[in-house]
Amino acid sequence: MTTLSTVLGPLELSCPVLAASGTFGFGEEYSSMLDLSELGGVVVKGLTLEPRWGNPPPRVVETPAGMLNAIGLQNPGLEGFLEREMPRLRHCGTAVIVNINGETEEEFAVLARELSSVEGLAALELNVSCPNVPLGGITFGSSTPILQKLLKKVRPLCRLPLLVKLSPNVTDIAGLARVCRDEGADAVSLINTLKGMVIDTAAKTPLLGNKTGGLSGPAIRPVAVRMVYEVFQEVNIPIIGMGGIMSTEDALQFFMAGARAVAVGTANFVEPRIMPQIISGLRAYLEEEDLEDIGSVIGAAHRET
Amino acid sequence: MQAEAIVRKLEKVAEDIIYLKLEEKSIAQLALPGQFLHIRIGRGVAPLLRRPFSIAGASPEEKAFSILFRVSGEGTRLMSGLRPGDRMDCLGPLGRGFHTAPLKGAALMVAGGIGIAPLLFLAQHLLGAGHKLVFFYGAPSAGEMVCLERFLFNGAETWLATEDGSAGRRGTVVDLLEGFFLEGRISGSVFACGPRPMLKALQEKNEQWKMPLKFSLEERMACGVGACQGCVVASSPDFMGWGARQYHRVCLEGPVFDAGEVLL
Ligand SMILES: Cc1cc2nc3c(=O)[nH]c(=O)nc-3n(C[C@H](O)[C@H](O)[C@H](O)COP(=O)(O)OP(=O)(O)OC[C@H]3O[C@@H](n4cnc5c(N)ncnc54)[C@H](O)[C@@H]3O)c2cc1C
Ligand SMILES: Cc1cc2nc3c(=O)[nH]c(=O)nc-3n(C[C@H](O)[C@H](O)[C@H](O)COP(=O)(O)O)c2cc1C
Ligand code: FES
């Protein structure tokens, strides 16, 4: 009997495929099209302490084999989330991970503390890599001392498994992952979007309302796979890999690079049933290769042949 | 929600405008005027995202529905090469359509360019229910107009406007409609779809006309189902919920809005 279950420190998942933050709302929109309990988990839309209305439109634009988004963390805030989303999420049948965002260390700290006592959450994902907000966001994830200071404050307050979502817009991804490990984070999520821009040549202005946006989709996959590979090689911390996954084959690249779980983002927009499809594809792969569990694939690309 | 429709017919009905008739039972049954389909073009990564198109007509008896599209970029160019028998991956029907009941007076349909598409479906419904209908249709030139009689309008009064004067009145469709209101020749509920500047002009003029006004909006979309917050339009100051300002998702709260709901 093959198993797809995977372990990321204290976080145990029945299946290694998650929905990536911001691409799956609060799990409700897609629930009529797929059975959420088939998934390893859902990382819900980036949450902030206060409600945020996000950036002016246009917020999305297609690019070659990808897209830019500049949503700007539109979300109902902690209170709205607990009142309106959490009662349903608690019974959605899959692990719920909350992606938390702050403009200040204090905001992250309050969110981590408050959410730690909420029943029905599997983990928190600290987003220090949002390219689409003027304050906080990526500034917390671009320098090792700043990230270290944040984690020293947040880690002790967070009683749930703590994941840190890192940005590809940095020169030393392994250095940042090392800080995460040293400060007690349980896993890193690699990668968030790459900052980019499209210019509307007719209007002679950047097309997005926010001018810049985050690039996601197949276009970023090689960058993401390389970063997972690099962090796996240099730092001993569990990795959730993501960036442009659209098929079982793509997911396998991430596992072989060293990810213990993967997340699917943009592909959900293209094919709402992509995650169940990838999951059955992984199962078929393990059977074909006569492997008992997904663990035997993890990091396979690092082994000497 | 997700279905494979089969292409039955593809026909060029005006310059760069293509009428596509498709067969799929559940979409044909469920579709309401104003709703749209989110269509995947091909199986690859270019185009990557689905493309939204209004449903331009539906016939449950024939298990068929149609869309009307303007070739404007790579995705629609590829769609123009579809052939009968080809399959199209459709998500939908999606969004909130035109709620029409109860309707007082005539239904005044105001279409700009390819904005005619959802109004054809609405007209099909309203004519079926015995409503009086007046059509105002504007386009840059006569060549870019689809022939209305071709789509069900025996009996519907139609008025045309073109920017170059090649059909109907010279000018915009909003000017045309305004003429009717100023002369007191007409009143009723207005249903509109067209380019954003046209809808904005309608919304502004309607401050004086004070007619019930609903329009269908376009915005760039990713998911099409409300999950990504990508397709928003600002809500009007009278419709604030949490936060200092709110956005509506065109794909879920729209694409049809009451003129008073949004800030264009
Ligand atoms: C609710 C809704 C209903 C629509 N109904 C119709 C219809 O009935 N007939 C019709 O011809 N067109 C309709 N449109 C516009 C249609 O979606 C675009 O023309 C189409 O997506 C262009 O794709 P493309 O690949 O040819 O163009 P490209 O310019 O290559 O597209 C690039 C990207 O921009 C997006 N995009 C470009 N133009 C628009 C636009 N006007 N609105 C939204 N997204 C756009 C595309 O979806 C794609 O993601 C509708 C749009 C919306 C939101
Ligand atoms: C529309 C959109 C919204 C996103 N919102 C968030 C967010 O709120 N928090 C976050 O950490 N990442 C967010 N992301 C990044 C994704 O979670 C993911 O890291 C990235 O898109 C790469 O994966 P993909 O190529 O599979 O989409 C968002 C991505 C998209 C496309
Ligand atoms: S397109 Fe994703 S919310 Fe509307």
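The structure contained in this document is the topic of the report that follows. What you see is a predicted model, and the numbers here were worked out from it, not measured in a lab.

### Description of the interface of chain B and chain A
So, point 1. With 29 residues of chain B at the contact, the number on the chain A side is 37 residues.
So, point 2. Of the roughly 2,800 Å² buried between chain B and chain A, counting both surfaces, carbon and sulfur atoms make up 64%.
So, point 3. Taken together, the connections running from chain B to chain A amount to two salt bridges.
So, point 4. Note that B:Arg51 and A:Glu62 form a salt bridge whose closest N and O atoms lie 2.8 Å from each other.
So, point 5. Seen at the junction of chain B and chain A, the total is eight residue pairs in polar contact (both at pLDDT 80 or more).
So, point 6. Of all the elements in the fold, those that place two or more residues in the side of chain B that touches chain A are strand S7 (87–94) and strand S15 (247–249) of chain B.
So, point 7. Of the residues assigned to the side of chain B that touches chain A, the class counts are 16 nonpolar, five polar and eight charged.

### A closer look at the pattern of salt bridges
So, point 1. Counted by the stated rule, this structure contains 28 salt bridges over all chains.
So, point 2. For B:Glu157, the salt bridge identified is with B:Lys132, shortest N-O distance 3.5 Å. Remark: B:Lys132 occurs in the loop between helix H3 (116–128) and strand S9 (133–139) and B:Glu157 occurs in strand S10 (residues 157–162); sequence separation between them is 25 residues.
So, point 3. Between B:Lys205 and B:Glu178 there is a salt bridge, with the nearest N and O atoms lying 2.9 Å from each other. With B:Lys205 in helix H5 (residues 196–209) and B:Glu178 in helix H4 (residues 173–182), this pair connects stretches of sequence that are 27 residues apart.
So, point 4. Given the relative accessible area of 17%, B:Glu178 is considered buried.
So, point 5. Within this structure, A:Glu28, A:Glu85 and A:Arg88 form a network of salt bridges that share partners.

### Concerning the site of ligand 2
Residue and element names in this part refer to chain A.
So, point 1. Taken together, 23 residues surround ligand 2, and among them Ser21, Lys165, Gly217, Gly244 and Thr266 come closest.
So, point 2. In the model, an oxygen atom of ligand 2 is placed 2.9 Å from a nitrogen or oxygen of the Ile191 main chain.
So, point 3. One of the side-chain N or O atoms of Thr266 is found 2.7 Å from an oxygen atom in ligand 2.
So, point 4. Across the complex, the protein chains shield 98% of the 610 Å² of accessible surface that ligand 2 would expose by itself.
So, point 5. Looking at side-chain class alone, the shell around ligand 2 contains six nonpolar, 15 polar and two charged residues.

Rules of the game
Residues numbered from 1 in each chain as written. Chains lettered and ligands numbered in written order. Predicted model: local features only at pLDDT ≥ 70, side-chain atom pairs only at ≥ 80, totals over all residues. Heavy atoms only, no water. Contact = heavy atoms within 4.5 Å. Buried area = accessible area lost by both parts, 1.4 Å probe. Salt bridge = Lys/Arg side-chain N within 4 Å of Asp/Glu carboxyl O. Polar contact = N/O pair within 3.5 Å; in protein donor to acceptor, adjacent residues only side chain to side chain. Helix = DSSP H or I, 4+ residues; strand = E, 2+ residues; numbered from the N terminus. Nonpolar A, V, L, I, M, F, W, Y, C, P; charged D, E, K, R; others polar. Buried < 20%, exposed > 50% of the residue type's maximum accessible area, 1.4 Å probe, protein only. Near = heavy atom within 4 Å. Areas by Shrake-Rupley, 256 points an atom, 1.4 Å probe, with all protein chains shown as cover.

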